[in-house]
Amino acid sequence: MHRRLIAPGALAASLLLAIPASAADFTPGAPGIGDPYYPASGNGGYDVSHYDLRLKYQPKTDLLEGTATINATTTQDLSRFNLDLGLKVSEVRVNGKKAAFKKSGEQELEITPAAGLPKGTPITVVVRYAGKPSEVKINGYTAWARTPDGGVAAQEPESAAWWYPSNDHPLDKATYDVSVSVPDGSQAISNGVLQSQSSKLGWTRFNWRSNKPQASYLTTLAVGKFDITTDKTADGLPVLNAYSKDLGDNAGAARASIERSTEVAEWLETVFGKYPFNALGGYVPNVTSGFALETQTRPFYSPKQFANGSNVSVVVHELAHQWYGDSVSVDGWKDIWINEGFARYSQWLWSEKEGEGTAQELADHVYAQHPADDPFWKVKPGDPGPENQFDIAVYDRGALALQALRNEIGEKSFSAILKGWPKEHAYGNAKVSDFVKYAEKVSGKPLASLFDAWLFQPSRPDAPAARSAGIARSSAVPAAAPKSWKSIAATNGVHGHGHGRGH
C-alpha cells in the first residue's frame, strides 16, 4: 500500500479547511426565555410552530406514555437546546437522527443533536417519554390533579411540563394536535375541535386540534368519565361542554352556568369583537381545587366555583380571557394586567348589562372599600412582581384603571380600544406599555399619567385625583355594594391557584 507523507503544517491546514468557518459560532440555546419573573421558564434558540402529541393514559395507575413531535425553526446557530419536561425520557430524535439528551434541574431536558443546526433551519424533534404526572414536582408543586376516575392538567403559569415537552412560556405560541388513547368508557378532553374518535382493543382514541396559536400553559388535558353536551353557535362554531359524572351537589349549578357559554360569548363579541378561535366550551372535572383557568377554547372550572349556586360571572371572566390573555397573550408575566384587568372588567360590564350595578358603581365601591393604608394599594397591577401576580389588586385595581380610562376618553374611543386591541395583536403577545401607546393613539390623548397612577404607583390615588378620573365622585362615604358585588366577589378565588409559588 502506498502512503503519501503529509507535512504536519499541511495536515493542520487541511483539518481547518474541513471544518466550516462558522462551526465555532454554534452555541447552546438559553435555558430560559428571559422572563425576569420566572428565569427557568421557556428556552432560547428556537421557535415552535406546532406540537403533535400522541398519548396513552391509564387512569387506574396514572401512567402517561407519550410521543411528542415538535416542529420548530432555529433562531440562532444552535449546538444544543432545551425543552421543559418533568417526565422520564427514553429517546430523542432531531430531524430523524438520534440525539443525545440529559435531564438537568427539575424540568430541563437538554438535547444535543448529531450536528449543529444553522440559524433559520426547520427542525422536527421527536421525544418519547413516560411517567406518572402526579408524582412530578417542579418548584414544589404539581400541575397535574388526580381525580376519582382520571387526571387533569390545568395550572398557571406552567402546566405543560407535567405531560408534554415544550418551550413553556407564552412568548412561544404554537398550534396543537393532541391525540389521547384511554380505556373504553373514559373520555379525553382537550382544546379546540374533536376531529375524530375511534376504539380498538379496549382503548378509545380522541383526536383534538387547536388551529390557532396557543400558549403552552393554556393547553389542557382531562381524562375521566364525563357527561358531554354539544351544540353549535349561530356562526357554526362547535360547542362542547363536559361535566364529571360525580360532581354531587354542584352538578346542577355547574351546568346552569357553563351551558350559558354561547350566550356569554355572543355578548362578549359585542364588547371585544369577533370570537378568535375555532371552538367554544368549558369543563368541570371532579377536582378539589377552587380556581378556574382560561384554557384556550375550553376553560377549566373547579366544582367549588359553583358551591353557592350558578356562577355566570366566572364564565364571563374565563371567556373574556379568550380575547385578553389567550389571543393576545402576555409578553412577559409582569404584563399580567393585560389578562386579569380586562377579564375582571368584563364582569363589571356584564353586571351593567344585567342591571345589577354599573361598572362605575362597582369602581366607586372598590375604591371606597380600600382605605389609603390598605395593602391593596401597595400592589402595582402594571408590574406586580411574581409574589403578587394573582393578587386581588391585579384584578380589582386593574379594572379600576379601565374605568378611569373610560371616563377620561369617552364611550366611543373606549369601545374602539376594547375591540381594536385584540384585533391589532391577534394571536400574538403584548406589553402593558404597548396598550398604553395604543390607547393614546386611538383616543388622541396623553394617558401615561393616568395609567401610572392606577397601575404603577404603590399608593391609592388621592380623592381629588380619583374624582378627576371619575372615580368616587360623590363623596368619601363608602359606596353601597351593587347587587352584583357578591357574585363577582365569589369569583375572587378564580386566581387562587394554590401551588407552591404563592399565587
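Residues numbered from 1 in each chain as written. Predicted model: local features only at pLDDT ≥ 70, side-chain atom pairs only at ≥ 80, totals over all residues. Heavy atoms only, no water.

*Asks:* Pulling in residues and values, what's your account of the pattern of salt bridges?
*Replies:* Opposite charge on two side chains permits pairing when their charged atoms draw close. As enumerated under the stated definition, the model contains 16 salt bridges in all. Between Lys-98 and Glu-91 there is a salt bridge, with the nearest N and O atoms lying 3.9 Å from each other. Take Lys-98: its relative accessible area is 57%, and that puts it in the exposed class. A salt bridge links Glu-110 to Lys-102; its shortest N-O distance comes to 3.8 Å. Of the residues examined, Glu-110 reaches a relative accessible area of 15% and is grouped as buried. (Salt bridge = Lys/Arg side-chain N within 4 Å of Asp/Glu carboxyl O. Buried < 20%, exposed > 50% of the residue type's maximum accessible area, 1.4 Å probe, protein only.)

*Asks:* Help me get a handle on the packing of aromatic side chains, residues and values and all.
*Replies:* Taken as a whole, this structure holds 31 aromatic pairs when the rule is applied. Between the aromatic rings of Tyr-37 and Tyr-38, the centroid separation amounts to 6.4 Å while the plane-to-plane angle is 80°, which identifies the pairing as edge-to-face. Taken as a pair, Tyr-37 and Tyr-38 share a single burial class, namely buried. Seen in terms of ring centroids, Trp-421 and Phe-435 are 5.1 Å apart; in terms of plane orientation they differ by 75°. Their pairing is edge-to-face. (Phe/Tyr/Trp six-rings, centres within 6.5 Å; stacked < 30°, edge-to-face > 60°.)

*Asks:* Please provide a residue-by-residue account of the sheet that holds strand β11 (residues 150–153), values included.
*Replies:* For sheets, the rule is that strands pair by backbone hydrogen bonds, running either parallel or antiparallel. The strand order across the open sheet built from four strands is β10-β11-β16-β13, with neighbouring strands paired in antiparallel fashion. If you trace the sheet from one side to the other, it starts and ends with β10 (144–147) and β13 (187–189), each paired once. With direction set aside, neighbouring strand axes in the sheet form an average angle of 20°. Sheet topology note: the β13/strand β16 (residues 221–224) ladder contains three bridges and is antiparallel. Each residue of the ladder has a partner; that of Ala-188, found in β16, is Val-223. (Pairing = 2+ DSSP bridges. Helix = DSSP H or I, 4+ residues; strand = E, 2+ residues; numbered from the N terminus. Axes fitted to C-alpha atoms, helices over the stretch in contact; angles between N-to-C directions.)

*Asks:* Can you tell me about the packing of helix α4 (residues 312–320) against helix α5 (residues 337–353), naming the residues and giving the values?
*Replies:* Where α4 contacts α5, the two axes come as close as 8 Å, and the packing angle between them is 135°. On the basis of their axis angle, the class for α4 and α5 is oblique. When the axes of α4 and α5 are compared, the crossing they make is right-handed. Of α5, the residues touching α4 (which contributes Val-312, Ser-313, Val-314, Val-316, His-317 and Ala-320) are Glu-340, Ala-343, Arg-344, Ser-346, Gln-347 and Trp-350. For the contact of α4 with α5, the per-class residue count stands at six nonpolar, four polar and two charged. (Parallel < 35°, antiparallel > 145°, perpendicular 65-115°, else oblique. Left-handed = near helix turned anticlockwise from the far one by under 90°. Contact = heavy atoms within 4.5 Å. Nonpolar A, V, L, I, M, F, W, Y, C, P; charged D, E, K, R; others polar.)

*Asks:* Could you give an account of the environment of Glu-352, naming the residues involved and the relevant values?
*Replies:* Locating Glu-352 in the fold gives a position in helix α5. For Glu-352, a relative accessible area of 27% gives the class partly exposed. Contact partners of Glu-352, with chain neighbours within four places excluded, come to Gly-357, Thr-358, Ala-359, Gln-360 and Arg-406. Among the polar contacts listed, one links the side chain of Glu-352 to the backbone nitrogen of Ala-359, at a separation of 2.8 Å. (Polar contact = N/O pair within 3.5 Å; in protein donor to acceptor, adjacent residues only side chain to side chain.)

*Asks:* So what about α5? Which residues, and what values?
*Replies:* Spanning 17 residues, α5 covers 23 Å between terminal C-alpha atoms, matching the ideal 24 Å at 1.5 Å per step. Among the 17 residues that make up α5, 15 are buried, leaving the element largely enclosed by the rest of the structure. One or two residues past the end of α5 sits Gly-355, with phi positive at roughly 70°. (Expected span 1.5 Å × (residues − 1).)

*Asks:* Run through the side chain of Asp-326, naming residues and quoting values.
*Replies:* Along the chain, the position of Asp-326 falls in the loop between α4 and β22 (329–330). Among buried Asp, Glu, Lys and Arg side chains, Asp-326 stands out as unpaired, with Lys-173 the closest opposite charge at 7.7 Å. (Lys, Arg positive; Asp, Glu negative; His and termini not counted.)

*Asks:* How would you summarise unusual backbone geometry if you had to cite specific residues and measurements?
*Replies:* For the bond running from Glu-156 to Pro-157, omega is 15°, close enough to zero to count as cis. Backbone geometry places Asp-62, a non-glycine residue, at a positive phi of 65°. If you trace the backbone, Asp-62 turns up in the loop between β2 (46–58) and β3 (63–74). For Asp-62, a relative accessible area of 1% corresponds to the buried category. Positive phi is not limited to glycine here, since Thr-297 has a value of about 70°. The residue Thr-297 is located in the loop between β20 (292–293) and β21 (300–301) in this model.

*Asks:* Pulling in residues and values, what's your account of the environment of Trp-454?
*Replies:* Along the polypeptide, Trp-454 turns up in helix α10 (residues 448–456). Trp-454 sits in the buried class, given a relative accessible area of 2%. Between the C-alpha atom of Trp-454 and that of Leu-53, which follows or precedes it by 401 residues, the distance is 43 Å.

*Asks:* Explain the side chain of Ser-216 residue by residue, including any values.
*Replies:* Note that Ser-216 resides in the loop between β15 (203–214) and β16. For Ser-216, a relative accessible area of 1% puts it in the buried group. Reaching out from Ser-216, the side chain makes a polar contact with the backbone nitrogen of His-169 at a distance of 3.4 Å. What Ser-216 contacts, discounting residues up to four positions off in sequence, is Ser-159, Ala-160, Tyr-164, Ser-166, Asn-167, Asp-168, His-169 and Tyr-176.

*Asks:* Could you give me a rundown of the confidence of the model for the protein, with the residues and numbers involved?
*Replies:* The pLDDT averaged across the protein works out to 93; a share of 92% of its residues lies at or above 70. Overall, residues 1–19 carries pLDDT values under 50, and its contacts beyond four positions in sequence, including any with other chains, amount to one contact. Segment residues 499–503: pLDDT under 50, and 22 contacts once partners within four positions in sequence are set aside and those in other chains are kept. (pLDDT = per-residue confidence, 0-100.)

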